[in-house]
Amino acid sequence: MSGAAGKKIADVTFKASKNVDWDGMAKFLVTDDARREFANLRRSFDEVNQTLQTKFSLEPEPIDWDYYRKGLGNKLVDMYKEAFDSIEIPKYVDKVTPEYKPKFDALLVELKEAEQKSLKESERLEKEIADVQELKQKLSTMTADEYFAKHPELKKKFDDEIRNDYWGY
């Protein structure tokens, strides 16, 4: 990878890493396994980013051809300099990103849908937890009529069973 291209990739990666909200993502983790895997992902990301920052962002030092001419002679150094100057480093052509970009975008859409579904489910579960806690507090003093007023479908089921002379056995 040439110095300029490597530096550009390192700069883009560094800027992208600043936009990652690691703490925000960590808040959504529930299990210890998920937290452990997330910590591994973050550590790996930081290691790759550090490598890109150090390895590819440095420009190579120019060769001091005069220094070598003094010790080795003009003819040999000129031959090496000519060979060095004739080296062409091919430009990197990214063939992978166009292939995976649509897949990644589709996954992002799927992620947003799953997030919305998860938020709705969390809201439903929180409501259900609140109902169960309320029921738990009132259970010792609640009458059957009060319970059936909150759950008319259950009252209908019991009334149907009694009407049909079905007593559960």
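These notes cover the structure that comes with them. (Residues numbered from 1 in each chain as written. Predicted model: local features only at pLDDT ≥ 70, side-chain atom pairs only at ≥ 80, totals over all residues. Heavy atoms only, no water.)

**Remarks on the overall build of the protein**
Then, number 1: Secondary structure summary: the protein contains eight helices and zero strands in total.
Then, number 2: Reading the helices (α) and strands (β) of the protein from amino to carboxyl end gives α-α-α-α-α-α-α-α.
Then, number 3: Burial analysis of the protein (169 residues in total) assigns 9% to the buried set.
Then, number 4: Taking all contacts inside the protein whose residues are at least 6 apart in sequence as the whole, residues at least 24 apart take part in 46%. (Helix = DSSP H or I, 4+ residues; strand = E, 2+ residues; numbered from the N terminus. Buried < 20%, exposed > 50% of the residue type's maximum accessible area, 1.4 Å probe, protein only. Contact = heavy atoms within 4.5 Å.)

**With respect to the packing of aromatic side chains**
Then, number 1: Taken as a whole and assessed by the stated rule, the structure comprises six aromatic pairs.
Then, number 2: Centre to centre, the rings of phenylalanine 148 and phenylalanine 158 are 5.6 Å apart; their planes meet at 75°, and the pair counts as edge-to-face. Here the residue phenylalanine 148 occupies a position in helix H7 (residues 144-150), and phenylalanine 158 occupies one in helix H8 (residues 152-163), the gap between them amounting to 10 residues.
Then, number 3: Each member of the aromatic cluster is reached from another via a ring pair, and the members are Trp22, Phe38 and Phe45. (Phe/Tyr/Trp six-rings, centres within 6.5 Å; stacked < 30°, edge-to-face > 60°.)

**Let's talk about a nonpolar patch on the surface**
Then, number 1: A cluster of nonpolar residues, Ile63, Tyr67, Tyr68, Leu72, Leu76, Met79, Tyr80, Phe84, Ile87 and Ile89, forms a patch on the protein surface that exposes about 1100 Å² of accessible area.
Then, number 2: The biggest single contributor to the nonpolar patch is helix H5 (residues 74-86), with four residues.
Then, number 3: Structurally, the position occupied by leucine 76 is in helix H5.
Then, number 4: For leucine 76, a relative accessible area of 34% translates into the label partly exposed. (Patch = residues over 30% accessible without salt bridge, like charges linked within 9 Å, V, L, I, M, F, W, Y side chains within 5 Å. Areas by Shrake-Rupley, 256 points an atom, 1.4 Å probe, with all protein chains shown as cover. Salt bridge = Lys/Arg side-chain N within 4 Å of Asp/Glu carboxyl O.)

**A word on the environment of phenylalanine 148**
Then, number 1: Taking the C-alpha atoms as reference points, phenylalanine 148 and phenylalanine 158, 10 residues apart in sequence, are found 9.9 Å from one another.
Then, number 2: When neighbours within four sequence positions are excluded, phenylalanine 148 is seen to be in contact with Leu154, Lys155 and Phe158.

**Things to note about the pattern of salt bridges**
Pairs can form between side chains of opposite charge whenever their charged atoms are close.
Then, number 1: Summed over all chains, the structure comprises 16 salt bridges.
Then, number 2: Salt-bridge contacts for arginine 43 lead to glutamate 47; the nearest nitrogen and oxygen are separated by 3.9 Å. Here the residue arginine 43 and the residue glutamate 47 both occupy positions in helix H3 (residues 32-55), the gap between them amounting to four residues, near one helical turn.
Then, number 3: The class for arginine 43 is partly exposed, based on a relative accessible area of 45%.
Then, number 4: For aspartate 160, the salt bridge is made with lysine 156, and the minimal N-O distance between the two is 3.2 Å. With aspartate 160 and lysine 156 both in helix H8, this residue pair falls four residues apart, about one helical turn.
Then, number 5: The exposure class assigned to aspartate 160 is partly exposed, which follows from its relative accessible area of 24%.
Then, number 6: Each of Asp66, Arg69 and Asp78 takes part in a single network of salt bridges with overlapping partners.

**What to know about the packing of helix H4 (residues 65-72) against H5**
Then, number 1: Between H4 and H5, the shortest axis-to-axis distance is 7 Å and the interhelical angle comes to 145°. Residues Trp65, Tyr68, Arg69 and Leu72 of H4 pack against Asn74, Leu76, Val77, Asp78, Tyr80, Lys81 and Phe84 of H5.
Then, number 2: Here the residues of the contact of H4 with H5 are counted per class, giving seven nonpolar, one polar and three charged. (Axes fitted to C-alpha atoms, helices over the stretch in contact; angles between N-to-C directions. Nonpolar A, V, L, I, M, F, W, Y, C, P; charged D, E, K, R; others polar.)

**Things to note about H3**
Then, number 1: Between its first and last C-alpha atoms H3 spans 34 Å; for 24 residues at 1.5 Å apiece the expected length is 34 Å, and the two agree.
Then, number 2: Every buried residue of H3 is accounted for by Phe38, Asn49 and Leu52. (Expected span 1.5 Å × (residues − 1).)

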